[in-house]
Amino acid sequence: RTTTDMAPAPRTASQMRSSLLACGIHAFLPVPFVTAAPRTTTDIAPRTELNHSCSRQISRYVRKQLDKEVLRVAAREGIENWPKWCPFDPSRDLYNHHEKQKQRKRGNTKQWTCGICNKVFKNEHYLDLHLERKHMNETPRGGVCLADHCEMFEVCHGDGRYRRRARHDEHFECNN
C-alpha cells in the first residue's frame, strides 16, 4: 500500500481502541483511555526545530510505552508477527531504524553518534536534526507516525514520569 491509500491515523480514543482491537492486541490495551493536555509554547526549547510533521520526541515516548505495555507482553505470549496493516507493527514505525542507529558515549561526555555515517553530535537534538536532513531515505516507505497515537499511551505531554495521571472523568486533547 502507498501512503495515499492508507487510512488516516485515528484521532479519538475509541478510534485508537478499534485500531488496537483490529491488530488483535485487545488484551494489552492500557486503561483508561484519556487524552493529555496540549503542549504550550513554554514547553518547547528555543532552538532549531525539526521540520517533519511527525514529532520525534512524542514518537519516542509512544515507542517506549508501546514496547513496555504491548510488545514485550505480546512477545512473552508468543506473538511475534503482526499483521502488515497494523499501525503498531514495529517494522512500520517511521523512526524506529533511526532510533536504533543512535549511539550515546558513556562517561562524562554527552556526545551522540550517528550509526549510519558515524558523525558525532553534542546532544540528541542535533543528531535528530541530522537524521531528518540526511537519512530520511532510511525510514520505511509509508511509515507510521507513532506520535499520532500519543493519547492512547498518555504521553502527549512527555513520558509520564513527571506528570500526574489524569482522572477517569478528565478529558484533554492532544496537539498531534
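For the structure, see preceding data.
In this report, we go over the structure that sits alongside the text.

Cut-offs used in this document
- Residues numbered from 1 in each chain as written.
- Predicted model: local features only at pLDDT ≥ 70, side-chain atom pairs only at ≥ 80, totals over all residues.
- Heavy atoms only, no water.
- Helix = DSSP H or I, 4+ residues; strand = E, 2+ residues; numbered from the N terminus.
- Buried < 20%, exposed > 50% of the residue type's maximum accessible area, 1.4 Å probe, protein only.
- Areas by Shrake-Rupley, 256 points an atom, 1.4 Å probe, with all protein chains shown as cover.
- Pairing = 2+ DSSP bridges.
- Contact = heavy atoms within 4.5 Å.
- Axes fitted to C-alpha atoms, helices over the stretch in contact; angles between N-to-C directions.
- Disulfide = S-S within 2.5 Å.

Focus on the overall build of the protein chain
Across its full length, the protein chain holds four helices and three strands. Each helix and strand of the protein chain, ordered N terminal to C terminal, gives the series α-α-α-β-β-β-α. Burial statistics for the protein chain: of 176 residues in total, 40% are counted as buried. Surface exposure of the protein chain reaches about 10,900 Å², of which carbon and sulfur atoms provide 48%.

Examining the sheet that holds strand β2 (residues 112-114)
Read from one edge of the open sheet, three strands run β1-β2-β3, paired in antiparallel fashion. The outermost strands of the open sheet, each flanked by one partner alone, are β1 (102-104) and β3 (120-121). Pairing geometry for β1 and β2, over three bridges, is antiparallel. Note on β2: the bridge partner recorded for Lys102 is Cys114. Along the sheet, helix α4 (residues 124-134) makes contact with β1, β2 and β3, crossing β2 at roughly 15°.

Considering the state of the cysteines
Within the structure shown, the criterion is met by two disulfides. Residue Cys54 pairs covalently with Cys145 via a disulfide, S to S 2.1 Å. Between Cys54 and Cys145 the disulfide shows an S-S torsion of about 90°. By sign, it is right-handed. Taken together, the positions of Cys54 in the loop between α1 (13-22) and α2 (56-76) and Cys145 in the segment after α4 put the pair 91 residues apart, joining distant regions of the chain. Disulfide pairing places Cys150 opposite Cys156 at an S-S distance of 1.9 Å. Between Cys150 and Cys156, the S-S dihedral sits near 80°, and the bridge is therefore right-handed. Residue Cys156 is classed as buried on the basis of its relative accessible area, which comes to 3%. Cysteine Cys114 shares no disulfide, and the gap to the nearest cysteine sulfur, in Cys117, comes to 3.7 Å. Of the residues examined, Cys117 reaches a relative accessible area of 37% and is grouped as partly exposed.

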